[in-house]
Amino acid sequence: MRARDKVAVRALRATLAALDNAEAVPVGAVELRGLSLEESPVGAGATEAARRELTEADMAEIVRAEIAERVSAAEQLSSPAHADRAAQLHAEADVLRRFLDDPAEASPEPSPSTPPA
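Novice: Which residues make up the pattern of salt bridges, and what values do they have?
Specialist: Within the structure shown, the criterion is met by eight salt bridges. Between Glu-61 and Arg-64 there is a salt bridge; the shortest N-O distance is 3.3 Å. Within this pair, Glu-61 and its partner Arg-64 are both found in helix 3 (residues 56–76), separated by three residues, close to a single helical turn. Given the relative accessible area of 30%, Arg-64 is considered partly exposed. Among the ionic pairs, Asp-94 bridges to Arg-97, the shortest N-O distance being 2.5 Å.

Novice: Please give an account of the environment of Val-71 that cites residues and values.
Specialist: Structurally, Val-71 can be placed in helix 3. For Val-71, a relative accessible area of 18% gives the class buried. The sequence separation of Val-71 and Ala-86 amounts to 15 residues, and the corresponding C-alpha distance is 8.4 Å. In this structure Val-71 touches Ala-93 and Arg-97, once residues within four positions along its chain are discounted.

How each quantity is defined
Residues numbered from 1 in each chain as written. Predicted model: local features only at pLDDT ≥ 70, side-chain atom pairs only at ≥ 80, totals over all residues. Heavy atoms only, no water. Salt bridge = Lys/Arg side-chain N within 4 Å of Asp/Glu carboxyl O. Helix = DSSP H or I, 4+ residues; strand = E, 2+ residues; numbered from the N terminus. Buried < 20%, exposed > 50% of the residue type's maximum accessible area, 1.4 Å probe, protein only. Contact = heavy atoms within 4.5 Å.

Shown next, in the form of structure tokens:
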């Protein structure tokens, strides 16, 4: 990060935002209705809600979804004018793959085998 790796920074910021959004607690319909002034909560933190706790599996699934989103977007950019953006998306996906525990997930493309000489 100190080398200002823009691809890694972009991928990590977006993934951290996705994780943060996944921890948010959905607002219920009752909470959306306005309360009268007398019934409204008072004090610092009175309206705070506890965030969801994500498991490692939840977090890994979110990272996988972020990878899939980037790969899908890169595949849709097929024109030569968008080759740079597609390469950036693939590079971001590669950065995120490094954070998964399973080595098979870290490099989903099969490596070409060289025929014996």
